[in-house]
Amino acid sequence: MKKIERKDFLKLGAGAVAGGLSGWVFSGSPFMAFQWLAEWTQDQYVPVKGLEKYVEAVSDSCPNGCKVSVRMIGERAVKIESKEGVCPACQNALQMLYHPERIGMPLKLDGAKGSGKYVPVKWDVALKDISSRMNKLISEGKGNAIAAINKNESLNGQLMEKFIKAAGSNNVYYEASLKSITSATLGGFINYDFANTDYVLSFGAKLVEGWNSSVDMQKVFTNWKAKGTKIVQADTVCTMTASHANEWVPVKPGTEAVLAFGIANYLITSKKMTSSGDEFAKWSQLIINKFPLAKVATFTGVKEDVIKKIADEFSKAKNPVAVAGKGGAGVSASSAEIIAVYCLNTLVKSKAATLMKNSAVTYTGDVAGVDALIKDGKFSMLFLNNANPVYKSALGEDLKKKMEKAFVVSINPIMNDSAAYADYILPSLSYLEAVTPSNKEVVKKFKESKDAKDIIIALAKAVDKTKNTFSFSDGIDSYKIAGKDSATGGKFSFNVDKVKNVIDAIEKKLAQNAEYPLAMVPVEVPLVGDGDGLAFPYVLKSIDPKVMLYNDMYVQINRDTAKKYSISEGESLVIKSARGKLGKVYATLTDTVAPDTVAIPLGFGHKNFTKYGSGKGVNPKTIMAADVDPLTGTADWWSTRVKIS
Amino acid sequence: MRRSLLLFFTPFIICTWFFFGISLDGCRSVMQADAAKKIPFMHKTHIEKYGAKDCEICHGYEENGRFKGTPSIAECTACHARDAKVTSDDPTTPRRKPMFDAYKDTDRPWGSFAKQPDLVYFSHKVVMTAKYEDGRLKARCGSCHGDKASSIDTKMIKGKMLMGQCMDCHTALHISNACAVCHD
Amino acid sequence: MIVKDVKMKRRWGMAIDLDKCTGCGKCSLACNQENNMPIFEDDSDVPKRVAFLELMKLTNDRDAKFPNVKTAYLPKMCQQCEGNKQGKHPAEPPCVTVCPAVATDRGDDGVVSQIWSRCIGCRYCQTACPYEARAFNWWKPEYEGSFKNSLSTDVSVASRGTIVKCTFCSHIWKRERDKAVAAGKLDINDVLYTPACVNTCPTGAMVFGDLNDPDSEVSKLANSDRAVRLTNVIDDIKDPAKKKALMDKKQFPNPKVYYLTSQKWLRDMMRFNPRNDAAKKNS
């Protein structure tokens, strides 16, 4: 045999390669190979198929109880639809249900508060620890040092109220909302008969942008458009409500209350109208003296003849209604404002505004509201029922300090800024996992999480004093004791002694201030609301680039004001108030904002709200006005004096 | 010269044969020919001897028109009751099959030869219900899946169909071949 | 062989009443949920955002000063253009004419399909679209962890490097077709459906239907005085001779989404009117 040389290896190699190639080609494989390669490199996730059907459910997130249809594929819920309407938060419930940062087991703090370090523990361990601490406080006669803050007055909120009150504490509160601050002021919340009104005078209430029940208001708005109801909106910024209104009354920031005083003044003096509220005479004297129309015109920027015209139209309408509660999802109003606006309703004997109360909900405790609790309250134990006051209250930073010294239990499905300061986090459910009298759960509950109602009932049973508060042990039975709404009879007081100070404070804030020449007011962004929406990716997907772009947050400034301060489009700003300063934000110039005003979006600046909600923008509440109103127990953070640099 | 040819063609032939074989295996797996067939099944006897002439008995539709695909064990135990006798002289009662004991009624132990990628939408309901003017059905199960009725085992007859097959029939029947008809 | 030609008689269109839109954002949510929109931790890179429906915020403050300002929200999705049907060249939407891979094509029912698997990612269509309605998958569409559980099987998940866009939820048409056939209604023209956005609009601002049916609500709205189409400038030309002359020569998108507004500033803005002089030029 000849020796095998390099040339021979080449021939062998060439043969092998050619052979392999021809084998591959002639098998017809290249076509399959490319198809396979395309599919393999894309590595696309293929959703799992299953039996398709629709399942009905009722949302228990808020007292509205909206009905929804959930499209299921197998065991997976893939779409929420509703014939009668559902608010954006509940329509987006799938993103809460399937959020990768859902808490699956009770968490116990394992580090400093706010560090986010928690370890999972078993339910009985957590309940035992919490109940033994409660037992100890109660046995020492310190039951009143146990406080609770509910997100809203849905059934689990009502159960929490019963539980805490049975433990001997009067310190149960509801996060500031239109209903809570109105109730604290007037002894009842207002039920509006919007369907039968022909004239709506709104003082900053963003009627179509999340105010009150957004589901109801969208239907109301459609109805108004069809009927031709006249909507007059007093607002500082040209919001959608202002734009849709028949008449937008641009008012200087924070002067909605003053406008109400002016209109009341005119109706009382020129039209000799009276109100049935207690201390009306005293109040009208105060208003007439303090707020002659000329002064109102100067403060609000609304001309005297316009004020008179609005007042005339309002009083002559068949069934007019005046609406208070500045804002959309996040509502703010001082007691003076609420009283003044409700007074207008009583002056014209409006049939469209009725004071109501719920038999199972008391909005005030030892103090009038959450901010009063943060400022003056003393608590050694705090329950947070899906509430987020650390983020939403203007006194959030102060609350953090008090929470660091108290024992805190938070009931919520995902981490939020307040839960990050809790000793225990007890995971609750989305409404899709809850059982209601009308439906079974749509999806099996997530790991060890429990219905908030069941958690509260279990807590009550574990604490000696409250063992027998609930005669049932299953949350589904608690529907029997759900509170009912009823009219209060309309009695309310003008509370002049307390309101006097509030009015003085308003005047002071509106006076010229050289150090803080501008006013900062909030605006809301669709789907984000007052902050709850930011943890969800599909909400992030809708945020306008003039609000947030490349993770920079923008505030809106009037063009003339920007020229005055030499601010150009996109320039970075530092905003300072008497309470402190905000992190870097950027300016966008628009004439939809009044001069000498900075409009800042609410809902951003979370520190602990899952990776989707955290670290985006700034939270203006940290520097917003924080004087606690004596009647509402809440700060009217709407308008804050600021300076920009 | 002869030596060169030998050196070249020996590996050539070996590699051609070898890679041909590997490639065919690869093609088979891409065509899903090895879709798991854990339970043996004979279509021929079930259709001819036991009168299950309508394919829809086991390969049925949901109420909303979606095709159920390969049957679940429930379709089998509907006749081969779990509490029937394993052996018996009575030719009219289906026997109990112990091989089902390891499965729940909701299990689907068969993979699908015809599974299409995610981006293909195919509606059995629409295609199988379509009729000509004179009332004849335009398509039968065998038109695309091959003569399954005569098959005596679970081997693949026609695997994952490529797009051209669908388009050819649509063209012939004057049905739209616009993209959105089959894709989303 | 006796084969009857079945012709699709529907031409799907949409009417969006901006006098009723409150900017609630539910249309955007419903669309994202229905169409398996990819999930990103930071979705603030707006030019690169992947979404079929963009909720645009508009204001007239380019021309007006406080307080004579107005705002409006405008849900913008693929306008399902038809192209110039009366011109010499075949009528195609601008995006379809430029696609080198036939990844996008106008369907028989007027809906412009987008098949991501044919797309080569050249983004020519994204450039050609006058409405910036097409989104490019700059990153691989991903769904973190349990978010995968809410994905629909009716819409396939696209790959990185492909274009995606609104298809008027044509997969819902397919879903409804299945239901109709199961109920015995075999005619494709029997099928009516509602896209996700229209289904969820709480004020009824969004209306969807068959533009070929003169009795449908969408046809009536499209022909009303308040109807205006985005940057379809030929709509403004009132002189019939001039209009015909232009139609013989020019291409224009001819979209099937009609916006309704009684506000002049909004109408002007939708036509890219450079201040008010344009009104004189086009008459």
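Note that this is a predicted model, so its numbers are computed, not measured.

K.L.:
For this particular structure, what's the right way to read the overall build of chain C?
P.N.:
The number of helices and strands found in chain C is nine helices and 10 strands. Computed over the C-alpha atoms, the radius of gyration of chain C is 20 Å, within 12% of the 19 Å expected from 2.2 N^0.38 for a compact globule of 283 residues. Seen through its principal axes, chain C has C-alpha atoms that stretch 55 × 55 × 40 Å. Summed over its atoms, the accessible surface of chain C is roughly 11900 Å², and 52% of this surface lies on carbon and sulfur atoms. Taking the average location of the 45 positive side-chain charges in chain C and that of its 35 negative ones, the two points are 4 Å from each other.

K.L.:
When you look at the overall build of chain A in this model, what are you seeing that I'm missing?
P.N.:
Secondary structure assignment for chain A yields 22 helices and 28 strands. Evaluated residue by residue, chain A yields a buried proportion of 61% over its 645 residues. In chain A, once contacts between residues fewer than 6 apart in sequence are set aside, the share between residues at least 24 apart is 72%. Surface accessibility of chain A: about 24500 Å² in total, with carbon and sulfur atoms responsible for 55%. Positive and negative charge centroids in chain A, built from 83 and 66 side chains respectively, lie 2 Å apart.

K.L.:
Explain the interface of chain C and chain A here, please?
P.N.:
A common way to express how large an interface is: the accessible area buried when the components associate. With 65 residues of chain C in contact, the opposing surface of chain A contributes 66 residues. Roughly 5900 Å² of surface becomes buried between chain C and chain A when both sides are summed, with 54% attributable to carbon and sulfur atoms. Considering only the surface of chain C that becomes buried against chain A, Leu 29, Phe 66 and Phe 147 of chain C emerge as the three largest contributors, covering 12% of it. Inspection of the region where chain C meets chain A yields seven salt bridges. In this structure, Arg 559 of chain A and Asp 61 of chain C form a salt bridge, with 3.3 Å as the shortest nitrogen-oxygen distance. The tally of links from chain C across to chain A stands at 37 residue pairs in polar contact (both at pLDDT 80 or more). Mapped onto the side of chain C that touches chain A, the elements with two or more residues apiece are helix H1 (26-34), strand E2 (54-59), strand E3 (71-76) and helix H5 (196-200) of chain C. Per-class residue counts for the side of chain C that touches chain A are 27 nonpolar, 19 polar and 19 charged.

K.L.:
I would appreciate a short explanation of the pattern of salt bridges in the present structure.
P.N.:
Opposite charge on two side chains lets them pair, provided their charged atoms get close. Summed over all chains, the structure comprises 63 salt bridges over all chains. Note that Glu 52 of chain A and Arg 66 of chain B form a salt bridge whose closest N and O atoms lie 3.2 Å from each other. Of this pair, Glu 52 of chain A sits in strand E1 (residues 52-58) while Arg 66 of chain B sits in the loop between helix H2 (43-48) and helix H3 (73-79), on two different chains. Residues Glu 52 of chain A and Arg 66 of chain B agree in their burial class; the two are buried. A salt bridge links Glu 34 of chain C to Arg 175 of chain C; its shortest N-O distance comes to 2.8 Å. A residue pair is termed long-range when its members are at least 10 positions apart, and Glu 34 of chain C in helix H1 and Arg 175 of chain C in helix H4 (residues 170-182) qualify at 141 residues. We note that Glu 34 of chain C, like Arg 175 of chain C, is buried. What you see here is one network of salt bridges that share partners, running through Glu 52, Arg 71, Lys 79 and Glu 81 of chain A, Arg 66 of chain B together with Glu 34, Asp 154, Arg 175 and Asp 178 of chain C.

K.L.:
Would you mind going over a nonpolar patch on the surface with me for this structure?
P.N.:
Residues Leu 21, Trp 24, Val 25 and Phe 26 of chain A together with Trp 17, Phe 18, Phe 19, Phe 20, Ile 22 and Leu 24 of chain B make up a contiguous nonpolar surface patch of about 1000 Å² in total accessible area. When contributions to the nonpolar patch are tallied by element, the ones reaching two or more residues are helix H1 (6-26) of chain A together with helix H1 (2-30) of chain B. The greatest single-element share of the nonpolar patch, amounting to six residues, is contributed by H1 of chain B. Accessibility expressed as a relative area gives 66% for Trp 17 of chain B, which makes it exposed.

K.L.:
Whenever I open this one, empty space enclosed by the protein confuses me. Can you help?
P.N.:
Which parts of space are left empty comes out when a probe the size of a water molecule is rolled across the atoms. Across all of its chains, the model carries 12 cavities of 30 Å³ or more by this definition. Its boundaries defined by the atoms lining it, the largest cavity holds a volume of some 270 Å³. Considering the residues around the largest cavity, the lining is formed by 27 residues, among which Asp 184 of chain B together with Phe 52, Val 155, Ser 156 and Val 164 of chain C are closest to the centre. Mapped onto the lining of the largest cavity, the elements with two or more residues apiece are strand E5 (112-114) and H4 of chain C.

K.L.:
Please clarify how the sheet that holds strand E19 (residues 485-487) of chain A should be interpreted in this entry.
P.N.:
Within a sheet, adjacent strands bond to each other through the backbone by hydrogen bonds, running parallel or antiparallel. Residues and elements named next belong to chain A. The strand order across the open sheet built from three strands is E8-E15-E19, with neighbouring strands paired in antiparallel fashion. Looking at strand neighbours, the two that pair on one side only are strand E8 (189-192) and E19, the edges of this open sheet. Neighbour to neighbour, the strand axes of the sheet diverge by 50° on average, direction disregarded. Where strand E15 (residues 353-358) meets E19, three bridges bridge the pair, whose relative direction is antiparallel.

K.L.:
What's the story with the interface of chain C and chain B in this structure? I'm lost.
P.N.:
Counting from both sides, the interface comprises 26 residues of chain C and, opposite them, 25 residues of chain B. In total, chain C and chain B occlude about 2400 Å² of area from one another, counting both sides; carbon and sulfur atoms represent 59% of this. Summed over the shared surface of chain C and chain B, the number is two salt bridges. Of the charged contacts, one joins Asp 178 of chain C and Arg 66 of chain B as a salt bridge, the two residues approaching to 3.8 Å between their closest N and O atoms. Where chain C packs against chain B, one counts 10 residue pairs in polar contact (both at pLDDT 80 or more). For the side of chain C that touches chain B, the element with the most residues is H4 of chain C, which contributes eight residues. Considering only residue class, the side of chain C that touches chain B consists of 10 nonpolar, six polar and 10 charged.

K.L.:
Would you take a moment to explain the environment of Asp 109 of chain C for this structure?
P.N.:
All names here are of chain C. Along the chain, Asp 109 turns up in the loop between strand E4 (104-106) and E5. Note: C-alpha distance between Asp 109 and Ile 237 (128 residues apart in sequence) is 27 Å. If we ignore the near neighbours within four places in the chain, the residues touching Asp 109 are Met 8, Arg 10, Arg 11 and Trp 12.

K.L.:
I would appreciate a short explanation of the domain arrangement of chain A in the present structure.
P.N.:
For chain A, the domain assignment lists domain 1 (6-42), domain 2 (52-97), domain 3 (107-178 + 362-482), domain 4 (187-358) and domain 5 (513-644). For domain 3 of chain A and domain 4 of chain A, the distance between their C-alpha centroids amounts to 36 Å.

K.L.:
Before we go on, may I ask you to explain unusual backbone geometry in this structure?
P.N.:
The phi angle of most residues is negative, glycine excepted, and most peptide bonds adopt the trans form. Cis peptide bonds are those with omega within 30 degrees of zero, and the linkage from Phe 66 of chain C to Pro 67 of chain C qualifies with 0°. Examined against the element boundaries, Pro 67 of chain C turns out to sit in the loop between E2 and E3. One non-glycine residue, Leu 527 of chain A, lies in the positive phi region at around 75°. In this fold, Leu 527 of chain A is placed in the loop between strand E20 (518-523) and helix H20 (537-540). Residue class for Leu 527 of chain A comes out buried when judged on its relative accessible area of 15%.

K.L.:
Would you take a moment to explain the packing of aromatic side chains for this structure?
P.N.:
Geometrically, a pair of aromatic rings is defined through the distance of the ring centres and the angle of the planes. Summed over all chains, the structure comprises 30 aromatic pairs over all chains. Ring centres of Tyr 174 of chain A and Tyr 363 of chain A lie 5.2 Å apart, and the angle between their planes is 65°; this geometry places the pair in the edge-to-face category. With Tyr 174 of chain A in strand E7 (residues 172-174) and Tyr 363 of chain A in the loop between E15 and helix H15 (370-376), this residue pair connects regions lying 189 residues apart in the sequence. Of the two residues examined, Tyr 174 of chain A and Tyr 363 of chain A, each falls in the buried class. Ring centres of Trp 12 of chain C and Phe 208 of chain C lie 5.5 Å apart, and the angle between their planes is 15°; this geometry places the pair in the stacked category. Placement of Trp 12 of chain C in strand E1 (residues 12-17) and of Phe 208 of chain C in strand E8 (residues 206-210) is noted, with a sequence separation of 196 residues between them.

K.L.:
Before we go on, may I ask you to explain the pairing of strand E6 (residues 146-150) of chain A in this structure?
P.N.:
Regular strands place their side chains on alternate faces of the sheet. Residues and elements named next belong to chain A. Most of E6 sits inside the fold, with five of its five residues counted as buried. Across the two faces of E6 the burial is the same, with Ile 146, Ala 148 and Asn 150 and Ala 147 and Ile 149 all buried. In the sheet, E6 pairs with strand E16 (residues 381-385) via five bridges, with the strands oriented parallel. For Asn 150, the partnering residue across the bridge sits in E16 and is Asn 385. Judged from the three bridges that link them, E6 and E7 form a sheet pairing that is parallel. Along E7, the bridge assignment pairs Ile 149 with Tyr 173. In the classification by handedness, the crossover that spans E6, the intervening helix H6 (residues 155-166) and the parallel E7 is right-handed.

K.L.:
I keep staring at the environment of Asp 147 of chain B and nothing clicks. Help me out?
P.N.:
Residue and element names in this part refer to chain B. Within the secondary structure, Asp 147 sits in the loop between helix H5 (141-145) and helix H6 (163-172). C-alpha of Asp 147 to C-alpha of Ile 13: the two residues are 134 residues apart in sequence and 36 Å apart in space. Separated by 2.8 Å, the side chains of Asp 147 and Ser 150 make a polar contact.

Calculation criteria
Residues numbered from 1 in each chain as written. Chains lettered and ligands numbered in written order. Predicted model: local features only at pLDDT ≥ 70, side-chain atom pairs only at ≥ 80, totals over all residues. Heavy atoms only, no water. Helix = DSSP H or I, 4+ residues; strand = E, 2+ residues; numbered from the N terminus. Rg over C-alpha atoms; globule rule 2.2 N^0.38 Å. Areas by Shrake-Rupley, 256 points an atom, 1.4 Å probe, with all protein chains shown as cover. Lys, Arg positive; Asp, Glu negative; His and termini not counted. Charge placed at Lys NZ, Arg CZ, Asp CG, Glu CD. Buried < 20%, exposed > 50% of the residue type's maximum accessible area, 1.4 Å probe, protein only. Contact = heavy atoms within 4.5 Å. Buried area = accessible area lost by both parts, 1.4 Å probe. Salt bridge = Lys/Arg side-chain N within 4 Å of Asp/Glu carboxyl O. Polar contact = N/O pair within 3.5 Å; in protein donor to acceptor, adjacent residues only side chain to side chain. Nonpolar A, V, L, I, M, F, W, Y, C, P; charged D, E, K, R; others polar. Patch = residues over 30% accessible without salt bridge, like charges linked within 9 Å, V, L, I, M, F, W, Y side chains within 5 Å. 1 Å grid on protein atoms, 1.4 Å probe; cavity = no way out; pocket = protein on both sides within 12 Å on 5 of 7 lines; lining within 4 Å. Points joined across faces, edges and corners; volume = space filled by probe spheres on them. Pairing = 2+ DSSP bridges. Axes fitted to C-alpha atoms, helices over the stretch in contact; angles between N-to-C directions. Domains from an automatic or database assignment. Phe/Tyr/Trp six-rings, centres within 6.5 Å; stacked < 30°, edge-to-face > 60°. Right-handed = clockwise from strand over helix to strand, strands pointing away.

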